[in-house]
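The residues making up each chain are set out below.
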Amino acid sequence: EEGVRDLEFICAIALHRPIRPDEFCHICGARLYRKYFPQRMRNYNAIDPEDNLHLGHTDKGEDVEVCRSVAEADLVIYFNVNYVAMDGGYKSYATGLVSYRSLLHNHDSQTLRHTRSLYDPPRSLMHQSFERIGRMIQAKVDIFHIETVLDENLFPWHLAWVMKIDREMSLLEKLLMYS
């Protein structure tokens, strides 16, 4: 933190529920929590116009509107933990740090209807949108992106399919996925 006066921890929740104080403590650790919460540790608000800044449109006309603190930062360090195959890459901040206006372009029935696989990004219209939006954000904001993968068995046997690409699933796993 030497020389940094405006450090801020922002939880990239977009339209998901806010992270509770005890969850911030668990995620960031007690030392950082005591030092920065609540003055410099907060949840992003994807529907607050004051907390968002419009950066423009992708070549497909998608709005790119991001967290104002992120858009105005000298450097963003984005730390992501991947739990399932559909996470990672641009998807991380192109969903977690964008406004409702941006999410409308890839969280709609039309995109989902034409997405062959959520877990296989090259075949996913949703991921293609994330990539366009993410590329535009990264062109305008200096982002150092850290990806992590947890090598744990996080799910019981009947939900193990969430950790696989659909073409690698057994027949039983596909039945469980679609049931």
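Q: Provide a residue-level description of the pattern of salt bridges, including the pertinent values.
A: Applying the stated rule across the entire model yields 10 salt bridges. Here Arg42 and Glu8 are joined by a salt bridge, their closest N and O atoms 2.6 Å apart. Separated by 34 residues along the polypeptide, Arg42 in strand 2 (residues 41-43) and Glu8 in the segment before strand 1 (9-11) bring together distant segments of the chain. Overall, the relative accessible area of 33% leaves Glu8 in the partly exposed class. Here Arg132 makes a salt bridge to Glu62, at a shortest N to O gap of 2.7 Å. One end of the pair, Arg132, is in helix 7 (residues 125-140); the other, Glu62, is in the loop between strand 3 (52-57) and strand 4 (63-67), with 70 residues separating them in the sequence. In this structure Glu62 comes out as buried when scored by relative accessible area, which is 4%. One continuous salt-bridge network, built from bridges that share partners, spans Arg17, Arg20, Asp22 and Glu23.

Q: Report on a nonpolar patch on the surface, specifying residues and quantitative values.
A: Taken together, the side chains of Leu15, Ile47, Tyr100 and Leu104 define a hydrophobic patch exposed on the protein surface, amounting to about 420 Å² of accessible area. Following the sequence through the fold, Tyr100 ends up in helix 5 (residues 100-103).

Q: Break down the packing of aromatic side chains for me, with residues and values.
A: Applying the stated criterion across every chain, the model contains 4 aromatic pairs. Taking the centre distance of 5.1 Å and the plane angle of 50° together, the rings of Phe9 and Tyr36 count as tilted. Of this pair, Phe9 sits in strand 1 while Tyr36 sits in helix 2 (residues 30-36), and the two are 27 residues apart along the sequence. Looking at Phe9, the relative accessible area reads 22%, which means it is partly exposed. Arranged with centres 5.7 Å apart and planes meeting at 65°, the rings of Tyr78 and Tyr93 form a pair that is edge-to-face. Here Tyr78, found in strand 5 (residues 76-82), pairs with Tyr93, found in helix 4 (residues 91-96); they are 15 residues apart in sequence, far enough to count as distant. The class for Tyr78 is buried, based on a relative accessible area of 10%. Residue classification places Tyr93 among the buried positions, given a relative accessible area of 3%. In textbook terms, an aromatic cluster arises when at least three aromatic residues are bridged by ring pairs, as seen for Phe24, Tyr33 and Phe37.

Q: Describe the side chain of Thr58, and please don't skip the residues or the numbers.
A: With respect to the helices and strands, the residue Thr58 is situated in the loop between strand 3 and strand 4. The class of Thr58 is buried, set by a relative accessible area of 10%. At a separation of 2.5 Å, a polar atom in the side chain of Thr58 contacts the side chain of Glu62. Aside from chain neighbours lying at most four places away, what touches Thr58 is Val64, Arg132, Ile133 and Met136.

Q: Let's hear about the environment of Leu32: which residues, and what values?
A: In this structure, Leu32 sits in helix 2. Residue classification places Leu32 among the partly exposed positions, given a relative accessible area of 26%. Considered as a pair, Leu32 and Phe9 are 23 residues apart in the sequence and their alpha carbons are 9.8 Å apart. Beyond its immediate stretch of four places on either side in the chain, Leu32 contacts Phe9, Phe37 and Met41.

Cut-offs applied
- Residue positions are given per chain, counting from 1 as you read along its sequence in written order.
- Totals for whole chains, interfaces and linings use every residue, but because this is a predicted model, local features are given only for residues with pLDDT of at least 70 and side-chain atom pairs only at 80 or more, for both listing and counting.
- Note that the side-chain values use all heavy atoms of the structure and ignore hydrogens as well as water.
- Between Lys or Arg on one side and Asp or Glu on the other, a salt bridge is scored when a side-chain nitrogen of the former is within 4 Å of a carboxyl oxygen of the latter.
- Only runs of H or I of at least four residues qualify as helices and only runs of E of at least two qualify as strands under DSSP, and these elements are numbered from the N terminus.
- With a 1.4 Å probe rolled over the protein chains alone, any residue whose accessible area is under 20% of its type maximum counts as buried; one over 50% counts as exposed, and the rest are partly exposed.
- For patch building, the residue pool is restricted to those with more than 30% relative accessible area and no salt bridge; the joining distance is 9 Å between like charges and 5 Å between nonpolar side chains (Val, Leu, Ile, Met, Phe, Trp, Tyr).
- Throughout, the Shrake-Rupley method with a 1.4 Å probe supplies accessible areas, and for residues the shown protein chains are the sole cover considered.
- Whether two aromatic rings pair depends on their centres lying within 6.5 Å, for rings of Phe, Tyr and Trp, where Trp uses its six-membered ring; planes under 30 degrees apart make the pair stacked, over 60 edge-to-face, and the rest tilted.
- A 3.5 Å cut-off defines polar contacts: any pair of N or O atoms within that distance qualifies, except that in protein one atom must be a possible hydrogen donor and the other a possible acceptor, and neighbouring residues in sequence count only when both atoms are side-chain atoms.
- Whether two residues touch is decided by their heavy atoms; if any such pair falls within 4.5 Å, the residues are in contact.

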